[in-house]
Amino acid sequence: MARTPTTSDRPERGRGGERSDRGRGRGGEQTPREREESEFVDKLVHINRVAKVVKGGRRFAFAALVVVGDAKGRVGFGSGKAREVPEAIRKATEQAKRNMVKIALREGRTLHHDAFGRFGAGRVVLRAAPAGTGIIAGGPMRAVFETMGVQDVVAKCLGTSNPHNMIKATFAALVNLASPRSVAAKRGKKVGEIIGRRDGAAAAAAAGA
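**Observations regarding the pattern of salt bridges**
Next up, step 1: According to the stated counting rule, one finds seven salt bridges in the structure shown.
Next up, step 2: Between Glu-107 and Arg-109 there is a salt bridge, and its shortest N-O distance comes to 3.0 Å.
Next up, step 3: Here Glu-146 and Arg-142 are joined by a salt bridge, their closest N and O atoms 3.7 Å apart. Placement of both Glu-146 and Arg-142 in helix H3 (residues 139-148) is noted, with a separation of four residues, approximately one turn of the helix.
Next up, step 4: Of the residues examined, Arg-142 reaches a relative accessible area of 32% and is grouped as partly exposed.

Given below as structure tokens:
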């Protein structure tokens with residue numbers, strides 16, 4: 001006597017009678033959008049509970065600050081507010097991906113030169129460092145460097161401990177960084193001429209000392 005197939009024997013189907021793995025490519029491969037999202041590294045910098053006073057009481061919500069980067073020089077930050085923590089983090093992550101900027105790195109590990117940034121009461125000093133130094137920076141600033149892909153840097157924050165001001169001051173300093181290639185393009189010179197002058201000046205200063 002033939003056995004009647006049960007529900008567990010039938011393949012899982014999604015809405016409209018289609019297979020549940022419709023969103024993935026052939027063989028379970030990731031779609032281009034999923035692959036792009038997997039390339040980014042996001043870090044939750046700060047989360048704060050905020051309250052809005054309304055008639056009848058107070059409404060609580062959560063504000064999240066997130067930094068997103070691809071570990072190859074692109075980095076961005078965003079903030080989001082929602083009644084639940086996961087939704088606030090999602091909003092902040094989406095905003096960070098929309099506001100990403102490209103920062104030129106020296107040898108793919110450190111900054112090209114020292115930089116100074118300021119936002120509100122926050123002031124930051126960023127210094128390039130030799131190989132093996134590591135990331136010497138505070139919490140919010142460390143998140144920016146880790147997601148950006150910087151391996152050696154020395155940073156100091158002055159004047160405030162507000163994570164929002166620290167992040168914005170750090171981005172103000174990073175945007176002002178200039179690579180030898182961009183400087184050479186503006187001055188109409190070759191990269192070798194600018195780097196040669198910099199190395200020659202350093203050698204002359206060392207010889208004079």
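On we go from here.
**Brief notes about the sheet that holds strand E3 (residues 74-82)**
Next up, step 1: Read across the open sheet, the four strands follow the order E1-E2-E3-E4; overall the sheet is antiparallel. The sheet terminates laterally at strand E1 (41-54) and strand E4 (101-102), the two strands that pair on one side only.
Next up, step 2: This element, helix H2 (residues 85-98), spans E1, strand E2 (57-69) and E3 of the sheet and lies at about 145° to E3.
Next up, step 3: Together, E1, E2, E3 and E4 form the strand contacts of helix H4 (residues 163-175), whose direction differs from that of E3 by roughly 155°.

**Overview of the packing of H3 against H4**
How two helices pack is summed up by the angle between their axes together with the distance between the axes.
Next up, step 1: The contact between H3 and H4 brings their axes to 8 Å, and the two run at 45°. When the interaxial angle is binned, H3 and H4 end up oblique. Crossing hand, H3 versus H4: right-handed. Between H3 and H4, the residues in contact are Pro-140, Met-141, Val-144, Phe-145 and Met-148 and Pro-163, Met-166, Ile-167, Thr-170, Phe-171 and Leu-174, respectively.
Next up, step 2: Across the contact of H3 with H4, the residue classes tally to 10 nonpolar, one polar and no charged.

**Topic: the nonpolar core**
Next up, step 1: Among the nonpolar cores identified, the biggest contains 26 residues, and Leu-126, Met-141, Phe-145, Met-148 and Leu-174 are the most heavily contacted of them.
Next up, step 2: For this core, the elements supplying multiple residues, two or more each, are E2, strand E6 (122-128), H3, strand E8 (153-158) and H4.
Next up, step 3: Tallying contributions element by element places H4 first for this core, with six residues.
Next up, step 4: Phe-40, Ala-92, Ala-96 and Met-100 belong to the second-largest nonpolar core, a separate cluster that totals nine residues.

**Details of unusual backbone geometry**
Next up, step 1: One non-glycine residue, Ala-71, lies in the positive phi region at around 60°.
Next up, step 2: Mapping Ala-71 onto the fold places it in the loop between E2 and E3.
Next up, step 3: Here Glu-107, not a glycine, exhibits a phi torsion of approximately 60°, which is positive.
Next up, step 4: The topology assignment puts Glu-107 in the loop between E4 and strand E5 (115-119).
Next up, step 5: Overall, Glu-107 belongs to the exposed group, its relative accessible area being 62%.

**Overview of H2**
Next up, step 1: In a regular helix each residue adds 1.5 Å, so 14 residues correspond to 20 Å; H2 covers 20 Å between its end C-alpha atoms and thus fits that length.
Next up, step 2: Burial in H2 covers these residues: Ala-88, Ala-92, Thr-93 and Ala-96. Buried residues along H2 cover an arc of 135° about the axis, so they all sit on one side. Exposed positions of H2 whose direction lies more than 90 degrees from the buried face are Pro-86 and Arg-98.
Next up, step 3: The inward-facing, buried residues of H2 contact E2 and E3.

What counts as what
- Residues numbered from 1 in each chain as written.
- Predicted model: local features only at pLDDT ≥ 70, side-chain atom pairs only at ≥ 80, totals over all residues.
- Heavy atoms only, no water.
- Salt bridge = Lys/Arg side-chain N within 4 Å of Asp/Glu carboxyl O.
- Helix = DSSP H or I, 4+ residues; strand = E, 2+ residues; numbered from the N terminus.
- Buried < 20%, exposed > 50% of the residue type's maximum accessible area, 1.4 Å probe, protein only.
- Pairing = 2+ DSSP bridges.
- Contact = heavy atoms within 4.5 Å.
- Axes fitted to C-alpha atoms, helices over the stretch in contact; angles between N-to-C directions.
- Parallel < 35°, antiparallel > 145°, perpendicular 65-115°, else oblique.
- Left-handed = near helix turned anticlockwise from the far one by under 90°.
- Nonpolar A, V, L, I, M, F, W, Y, C, P; charged D, E, K, R; others polar.
- Core = buried A, V, L, I, M, F, W, Y, C linked by side-chain atoms within 4.5 Å.
- Expected span 1.5 Å × (residues − 1).
- Arc of directions from axis to C-beta.

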